[in-house]
Amino acid sequence: MTSTPTAPTRAPSPVEAGTGRSVGRPLDRVDGTAKTTGAARYAAEHPHPGLAHAALVHAAVTRGRITGIDAAGAEAVPGVLVVITHENAPAMKPPPPVSVLNLSSLASGSSVNYLNTDEVHWNGQPVAVVVAETPEAARHAAGLVRVSYRELPATVDFAAEEGNAVPQKSSALQSGGARKGDAEAALAAAPVSVDLRFTTPPYHHNAIEPHATTAVWDGDRLTVHEGTQNITWLRDHLALRFGVPVRNVRVVAPYVGGAFGGKTMVWAGTVLTVLAARVTGRPVRMALTREGVYRTVGGRTPSAQRVALGARADGALTALIHTSVTQTGRTGGLPEQVTSQSRHLYAAENILLRQNLVELDAVPNTPMRAPGESIGTFALESAVDELACALGLDPIELRMRNEPERNPVDGKRFAHRMLREAYALGAERFGWSGRTPEPGSMRDGGWLVGLGVASAYHPSWQMPANVTVRLSADGSVVVRCGFHEMGMGGATAQAQIAADALGVPFEAVRVEYGDSDLPSGPGAGGSAQTASVAASLLAACEKLKGSLLALARRSGGSPLRGRRPGDLEARDGGLWAGPAGPGETYTAILARAGRDSAEAAVGSDTRVGKVTGQLRFMSKLLRDRRRWVKAACGAHFCEVRVDPDTGEVRVSRWLGVFDVGRVVNAKMVASQLRGGIVMGIGMALSEETLVDPRNGRIMNPGLADYHVPVHADVPPIDVHCLDVPDPTMPLGLIGVGEVSVTGVAAAIANAVRHATGRRVRDLPVTPDKLL
Ligand code: MOS
């Protein structure tokens, strides 16, 4: 059942600048051996002489001021070097306020200046850090620090605060809503309608590598090993907080053990490890416990959503209403774009979308794989299924009858949209026609069997990237860009792209990444990294070939004399005039010119004119987005088995068909898409952060009580990509990181409804909700 995405059925099409020998092949990842043999070093695995270890002390109240700290017991533990609190910590600069004029300000996960204040803003906020010779001593001592507080009233209960939500304000990057026509009136007048409420719980980050930092000061120079998704933001943030020049800070992150948004912002553990190293004059490492991650790193907001749909008898939507309430923290957090997919998925005549917010005294929420669409598609795609039931229509047929030609809210064109094709292919491969629509009508022994579908949707983005490419006389190529490898295969993909652009073997290309001393790259976020780096990489390769041609033309005797770049193709390690024409290898060009290498750089280094470079890029991007709607989409097909006696739900079969533009590497793309589906299965069936409504304390901070899917919960997942390039994106890439988690929870809830006749609108779908 398990298979890699459809290998391109046609021959790999030529890329803009090369011959397509590497792009499209399901090559093994270049870092695979290092990872499987344990040679890859993660943030908490860097040895340093004299390394000390740090552990956090978490506030046990929700809001208030610290009135006293008794560290004597902790200080008496053998091996403890120091207990740092707000009473003895050196001053740091406060986190910069978030501003679109300075993108690295987005790194401020919270406005709290940890250990420079006696204020407590959430239950679990760090109030002290213990540094010791061993991690065990540090953790033990952290438990002995006694903190007293004067408590202040706190707002922590999301459900109770829902009625106090206020409309989200729109900004340059985020919109709080959209409106077309009069959706409420159309809903009231519709012959068939549904008007439904959905809720989703908070979810937390559980990357396989918990957050960890190793910090080393050498005078005023700082080196940080950290599994971050944005080394540039982290470097800039730490330079500012500790009052040293940006050039003095180096962030090294060659490997990141999963991140999903949870390692985009800078959280307390990172800052306090750097502070601890400053205070002790020693290299310091802090590896957060799972509990530490829950208490100090944001997660996905809970939500309450209304989706109301009105339709004519033939299924044509006359009204689509989607409103949401989500949470941010009093000290930070970005509003989740819960209605994002509802702007684009259905050709409703009247549309009303609105996002509302409550602010709680809680650790600020933070991006978590497809923030917004993950939970937004649960509500929208469940409601569409329910409308299909009300209409007596097949849920795929209902979707196809409402598939828009243009963007429903504003008539913009879609750059690329193949949802029809995804459903058609999926229905055939999954055997959708064998589904009998009546709930409870399909059985396998004692199990009720249900089949469900749902759409996946995620916008595609691009960010600025600086890339250099160097070609040496021996034919080897080095690509340098400070991007991130958190498991997606970025270095492998970029090596494939460079190999084709230059016409060299994949094996000849080495990619350097994950170091802030490299030309700065984009963060790994928004599913945008591969396309963003590829755009600059392709431009750099063109520039490099141009310089090599110029070099050849300048030196006598080259067969390339008189040739123009447009006449030439890059293949076989050189430039040639067509498939049979004359040409020569890069090695020959360099040898005749007496050079040992040639190099090209593209992008403005953010250390020079950073703000203007970023602004220029962003304004171009926003102009482009005023013309086009760009997104990845897909169709999920899911089969569940439900035990009618216990309410147990097993996902037994899965197929996802995705439109993610061109597929650079089918093996890695399939792996990413499967990972998103696994994460969605957790969202749908078992994951849920339990927050005590009296005090906001997270009650299940660890894998024993917060249940992520294990192998036994995950069926074979069949993934297919349509593999058709998006003509408006670099190399036709759309981005694959997030789309596959969207729609998953709805597909499961829809299948459960088909199996049992029970519609669960409150995630997760636990057995108690089916009995
Ligand atoms: Mo992401 S949630 O853009 O890592």
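Please refer to the structure higher up on the page.
Enquirer: Hey, could you go over the side chain of Asn206 for me, with residue numbers and the actual values?
Expert: Looking at the element boundaries, Asn206 is found in the loop between strand S9 (192-200) and strand S10 (212-218). Polar contacts involving the side chain of Asn206 include one to the main-chain carbonyl oxygen of His204, which spans 3.3 Å. In this structure Asn206 touches Arg290, Tyr294, Leu703, Tyr706 and Val708, once residues within four positions along its chain are discounted.

Enquirer: So, the sheet that holds strand S25 (residues 583-585): which residues are in play, and what are the values?
Expert: The sheet built from three strands is open, its strands ordered S23-S24-S25 with antiparallel pairing. The open sheet has two edge strands, strand S23 (569-571) and S25, and neither has a second partner. Neighbouring strand axes in the sheet, compared pairwise and without regard to direction, differ in orientation by 25 degrees on average. Its contacts with the sheet place helix H14 (residues 586-593) against S23, strand S24 (574-576) and S25, and it is angled at close to 85 degrees to S25.

Enquirer: Can you lay out the pattern of salt bridges for me, pointing to particular residues and giving the numbers?
Expert: Enumeration according to the criterion identifies 39 salt bridges in this entry. In this structure, Arg592 and Glu584 form a salt bridge, with 2.6 Å as the shortest nitrogen-oxygen distance. We classify Arg592 as partly exposed; its relative accessible area is 32%. Classification of Glu584 as buried rests on a relative accessible area of 6%. Where salt bridges share partners, they join Asp385, Glu386, Arg759 and Arg761 into one cluster.

Enquirer: Got a sec to walk through the environment of Gly269? Specific residues and values, please.
Expert: Position of Gly269 relative to the elements: it lies in helix H7 (residues 268-280). Note: C-alpha distance between Gly269 and Ala212 (57 residues apart in sequence) is 7.5 Å. Excluding residues within four positions of it along the chain, Gly269 makes contact with Thr213 and Met286.

Enquirer: Let's hear about helix H12 (residues 490-502): which residues, and what values?
Expert: For H12, built from 13 residues, the straight-helix expectation of 18 Å at 1.5 Å per residue is met to within 8% by its first-to-last C-alpha distance of 18 Å. Among the 13 residues of H12, 13 are classified as buried, and the element is accordingly described as predominantly covered. Remark: Gly503 follows H12 within two positions and exhibits a positive phi of approximately 70 degrees.

The rules behind each value
- Residues numbered from 1 in each chain as written.
- Predicted model: local features only at pLDDT ≥ 70, side-chain atom pairs only at ≥ 80, totals over all residues.
- Heavy atoms only, no water.
- Helix = DSSP H or I, 4+ residues; strand = E, 2+ residues; numbered from the N terminus.
- Polar contact = N/O pair within 3.5 Å; in protein donor to acceptor, adjacent residues only side chain to side chain.
- Contact = heavy atoms within 4.5 Å.
- Pairing = 2+ DSSP bridges.
- Axes fitted to C-alpha atoms, helices over the stretch in contact; angles between N-to-C directions.
- Salt bridge = Lys/Arg side-chain N within 4 Å of Asp/Glu carboxyl O.
- Buried < 20%, exposed > 50% of the residue type's maximum accessible area, 1.4 Å probe, protein only.
- Expected span 1.5 Å × (residues − 1).

Purely geometric stuff here, so don't read any function into it on its own.
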